[in-house]
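Residue-level structural notes
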Amino acid sequence: MFEGLRYIWMARKGAFCRVRYCMWVLNPFYVFQVFSIALWLTDSYYYYAACIVIISLISICVSLYEIRKVSDTRRLLPCLLSKCLCSYLQHLSSVELVPGDCVLIPQEGLLLPCDAALLAGECMVNESMLTGESVPVMKTPLPAAGGRYSPETQRRHTLFCGTQCIQAKGGRPGRGGAIAVVTSTGFFTAKGDLVSSILYPQPINFRFYQDAIKFLLFLGGVALCGTVYSIVILSRTNTTWWELVIRALDIVTIVVPPALPAAITTGTIYAQSRLKREGVFCISPPRINISGKVSLFCFDKTGTLTEEGLDVWGVMEGSGAGFSELVPDPRLLPQGPMLSAMACCHSVALLGGQPLGDPLELKMIESTGWELEEPAGDDKTLDSEFGGHRVLAVMRPPACPLQSESVSIHEAVALVQRFPFSSSLQRMSVVTVNPEGQSSLAFIKGAPEMVASLCLRESGMEERGRQSEETPRVNYHVERDMQFLGLLVMKNLVKPESAEVITTLRLAHLRTVMVTGMKHNLTIINISHGHRGPQYLCLVPYLLRKVLFVILQFIAPCLSQGLYQGVINYHLAINGKSFSALCDHFPEYLPKVLMRGTVYARMAPEQKTQLVTELQKLNYRVGMCGDGANDCGALRAADVGVSLSEAEASVASPFTSKSDNISCVPLLIREGRCSLVTSFSLFKYMALYSLIQFSSVLILYTEKTNLGDLQFLFFDMVLVTLLAIVMGKGGPSTELHPQRPPASLLALPVLASLTLHTLLLILGQVSALLITTSQDWFVPLNSTMSGAANLPNLEDTSVFDLSGYQYIIMAVVVTKGYPYKRPLYYNVVFVCVLLVLFALMSWLVLAPVPFLRKLLKLYYIPDMNFKILLVALAALNFVFCFLLEVMYAEPTLGPSSKNCPSFLEVISC
């Protein structure tokens, strides 16, 4: 062996970590915070500035701690790996491994520190932490034939970083272990790519967040207008230029509140907490809001809609005359090729005397009753028993008392060559010999259409699945002129929760699609439709000499009415080759097919990802639910990915559920809709809060006065912040409504609602000021002074009283319930806070104690009738705003997917 060419490994920008932290801290939000705090300190507004400083520092420290922790984990990832033996049997730390090094995998196995291609020997590897599949996989050496190595197409010969090698053997004659060559290390491994996708996720493209930025720019324009107005008004007084600049800039911090981004995330935080209690974990909280807009959900089949394991239903032997009757117990089969194929065509291995391998193969061997035996080390006893062939494993029939009365089997069978199953080839094959090396036979098992393409016509297998002469072969001399033996019939039961969930989604007008990498189209159709369901058209492509032929099965009267007419109740069932043919040769028809496609069978992992992407191009918000590594690409590409697996690969999905069924999907959608509506309400409330305070300040600027520091603090911290925190605690509705919530902040109803609300609020404050100035006991303020210097005065007190009520009533007005949230009274904390704040505000208006009146610099008004009139004006303001919100809120319900097809019912096959 030799030591390959070494490459220079460079740490990933480790020297720039501090700069990256600084760049993160100096994002626009925190820059605006610093600007606002500096302005408030200059204006002697110390109380609120101190509160914002404390909150911001806590937020920054927590965020930096999380980033630092992730960075430390990333830096230590290559270091926390066990040592392995390198070339020349040197002990070498795995940190020093580079592509090209040849390594010895010890016989007892190890946690693999890199991606490597197996050169000699066999390895039993547990890839559950990476793929989610709990079944150990047998890895075999790279074939001797030339060709470019690819870890994706040659997974059966690749050892992946982070997986556990349980056993290695056959790499060196006379000694244990296996030999492999390092292909990639660190973040260039499959696991490293997974970690990178978590650390640097794709940007979220969601209209709500885009409109939020645009609306902030709009508020900035409003602030500019207010700044110009305040400069004009204050310049007519004896205000100094310095004071004029401070007052003008203060308008900006009022209209664009620094707490706005934090406030609109409270609904998402509450939703994330509720999901966690239900066993659904989220690593990307913004995706919760996106889940509220999902219009189509894709489901994997095996392990997601159906049970994880398969059971043997029976065996059907084939012949030139057709198939025999179903034999429920394979032990009843006579001695012959069919029984030998079931006993020998597998990749099961022994570990500690226990068979390990694919569950399907384990079930197949168990049904035959045969026992697996492997050679121990360098023992040649089995080799000599089978004619000197190098024996990989021996299958021995059960003892006579365990055999059927009508069957008597005595001869064992040895496996001398094995080609493990490959998803790209859709089959596996083995070569066997009888005792003394007689009767060499080759067996193949795999997809029916692939096996059919390798069998003779006269062997009885229907030619529907025959492929072209370009069918890829592992070994041309072995896989030719095969005799079809029969079918092993397995059953895969549907999970009891699946039917209920699909019905719930269908009633909510959410389109459902089944995407699976297994099973034939007809099997999937049998699983997915009900007895009185729609008709299915099955697209089966044939590529022969670069000419595409498409066969439509189960057509019935559909074609006579037109394939794409909406009046026909049919679905399309498409396999992976049909999908590839459409994408490559007929892209103009792909959108039409996708609109009717409900079942996608035999889809490769990259095809699942492409399907999700193509559906997104049709303006669907796509959800994906799966449980295996072959779903990881689709889970990442989907707007909402839900993993039912506990493997490390599942963390690439935004959501991971502890339950093993799809009951979490309706829960996630309901929480998403609740969170989106809450974020919507909070954004409107914070915008209206800014506009209320903006109006108050401009009105008081006109009157040559302003709100006091503690008055600002009372509004900002006691009223608004407290209400914004508890407003989002309301839980989701118990049902899924057929219509989806709106997501656009710039829609005409929303903008019209905000505009009219602002006008009504301004009208209320102006009315309070005019009513105050019309009283006989009214005393004008000192016109020789300006701003907060002439507090207390009647103008400020009247505006303070009414605007205080406006902050409370608008929290009630914009808080939505039906049909996405539970009614307001279910949010007990919010209702209690509303009552307390209303009582506090009424106390300040009707009967304030001298201490609070002096602290807040409020003018003493002895006229109780006037105070009651202010409360009545606030109540009238509430009634008009509430009616306006009801009038404009009802039409803003989002669109539904009413006419989208769905597989109606899930039944057991």
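As recorded in an unreviewed UniProt entry, the protein goes by the name ATPase cation transporting 13A2, listed as coming from Oncorhynchus kisutch. Comment text from UniProt for the protein, heading Subcellular location (unreviewed entry), reads "Membrane".

1. Here's the deal with the overall build of the protein
Helix and strand counts for the protein stand at 28 helices and 30 strands. Buried residues in the protein amount to 51% of all 909 residues. Counted over contacts in the protein with a minimum sequence separation of 6, partners at least 24 positions apart contribute 72%.

2. Section: the pattern of salt bridges
Tallying each qualifying case throughout the model produces 14 salt bridges. With a closest N to O distance of 3.6 Å, Asp211 and Arg207 form a salt bridge. With Asp211 and Arg207 both in helix H6 (residues 207-235) and four residues apart, the pair spans about one turn of that helix. Of the charged contacts in the structure, one is a salt bridge between Glu885 and Lys684, with a shortest N-O distance of 2.8 Å. With Glu885 in helix H28 (residues 864-889) and Lys684 in helix H22 (residues 664-702), this residue pair connects regions lying 201 residues apart in the sequence. The exposure class of Lys684 is buried, given its relative accessible area of 6%. Within this structure, Glu373, Glu385 and Arg396 form a network of salt bridges that share partners.

3. So, the environment of Phe421
When you line up the elements, Phe421 lands in strand E19 (residues 413-422). Along the sequence, Phe421 and Arg156 sit 265 residues apart, while their C-alpha atoms lie 8.0 Å from each other. Ignoring anything within four residues of it in the chain, the contact list for Phe421 reads Arg156, Gln426, Arg427 and Met428.

4. Focus on the packing of aromatic side chains
By the definition in use, this model includes 16 aromatic pairs. Three or more aromatic residues joined by ring pairs form one cluster here, namely Tyr689, Phe714, Phe715, Phe800 and Tyr807.

5. What to know about helix H7 (residues 241-255)
For H7, spanning 15 residues, the distance from its first C-alpha to its last is 22 Å, which sits close to the expected 21 Å at 1.5 Å a residue. Within H7, burial applies to Leu244, Ile246, Arg247, Ala248, Asp250, Ile251, Thr253, Ile254 and Val255.

6. Examining the environment of Phe208
Here Phe208 lies in helix H6. Phe208 gets classed as buried once you look at its relative accessible area, which sits at 1%. C-alpha separation for the pair Phe208 and Ile290, spaced 82 residues apart in sequence, amounts to 8.8 Å. If sequence neighbours within four positions are ignored, Phe208 has contacts with Asn289, Leu676, Ser679, Phe680, Ala743 and Leu745.

7. With respect to the pairing of strand E18 (residues 393-396)
Sheet analysis places strand E17 (residues 371-373) next to E18, joined by three bridges and oriented antiparallel. Counterpart to Glu373 in the pairing with E18 is Val394. As paired strands, E18 and E19 are joined by three bridges and run antiparallel to one another. Paired with Val394 across the two strands is Ala414, which belongs to E19.

8. Observations concerning the nonpolar core
Counting 113 residues, the largest nonpolar core has Phe299, Val642, Phe655, Ile662, Val665, Tyr685 and Met810 as its most contacted members. Setting aside its immediate chain neighbours within four residues, Phe655 contacts Leu275, Val280, Phe281, Cys282, Arg287, Ile288, Val640, Gly641, Val642, Ser643 and Leu668. If you look at the next biggest cluster of nonpolar residues, it comprises 24 residues, including Cys583, Leu590, Val593 and Leu594.

9. A word on a nonpolar patch on the surface
A contiguous nonpolar patch, built from Trp843, Val849, Phe851 and Leu855 and spanning about 390 Å² of accessible area, is present on the exposed surface. Along the chain, Leu855 turns up in helix H27 (residues 850-855).

10. Some remarks on the sheet that holds strand E13 (residues 311-319)
Spatially, three strands are ordered E14-E13-E22 in an open sheet, and the strand pairing comes out antiparallel. With one partner strand each, in any of the chains shown, strand E14 (322-323) and strand E22 (486-491) form the two edges of the open sheet. Pairing geometry for E13 and E14, over two bridges, is antiparallel. Opposite Ser319, over in E14, you have Gly322 as the bridge partner. Sitting on the sheet, helix H12 (residues 359-368) is in contact with E13 and E22, with an inclination near 75° to E13.

11. Brief notes about unusual backbone geometry
For the bond running from Leu791 to Pro792, omega is -5°, close enough to zero to count as cis. Along the chain, the position of Pro792 falls in the loop between helix H24 (748-773) and helix H25 (794-814). With a phi angle near 60°, His509 is a residue other than glycine that sits in the positive phi range. Looking at the element boundaries, His509 is found in the loop between helix H15 (496-507) and strand E23 (511-515). Even without being a glycine, Lys857 presents a positive backbone phi close to 60°. Structurally, Lys857 can be placed in the loop between H27 and H28.

12. Observations concerning the environment of Cys51
Assignment of secondary structure puts Cys51 in helix H3 (residues 46-76). Residue Cys51 is classed as partly exposed on the basis of its relative accessible area of 26%. Considered as a pair, Cys51 and Leu713 are 662 residues apart in the sequence and their alpha carbons are 9.6 Å apart.

The rules we used
- Residues numbered from 1 in each chain as written.
- Predicted model: local features only at pLDDT ≥ 70, side-chain atom pairs only at ≥ 80, totals over all residues.
- Heavy atoms only, no water.
- UniProt positions renumbered as here; feature names shortened; annotations may be inferred.
- Helix = DSSP H or I, 4+ residues; strand = E, 2+ residues; numbered from the N terminus.
- Buried < 20%, exposed > 50% of the residue type's maximum accessible area, 1.4 Å probe, protein only.
- Contact = heavy atoms within 4.5 Å.
- Salt bridge = Lys/Arg side-chain N within 4 Å of Asp/Glu carboxyl O.
- Phe/Tyr/Trp six-rings, centres within 6.5 Å; stacked < 30°, edge-to-face > 60°.
- Expected span 1.5 Å × (residues − 1).
- Pairing = 2+ DSSP bridges.
- Core = buried A, V, L, I, M, F, W, Y, C linked by side-chain atoms within 4.5 Å.
- Patch = residues over 30% accessible without salt bridge, like charges linked within 9 Å, V, L, I, M, F, W, Y side chains within 5 Å.
- Areas by Shrake-Rupley, 256 points an atom, 1.4 Å probe, with all protein chains shown as cover.
- Axes fitted to C-alpha atoms, helices over the stretch in contact; angles between N-to-C directions.

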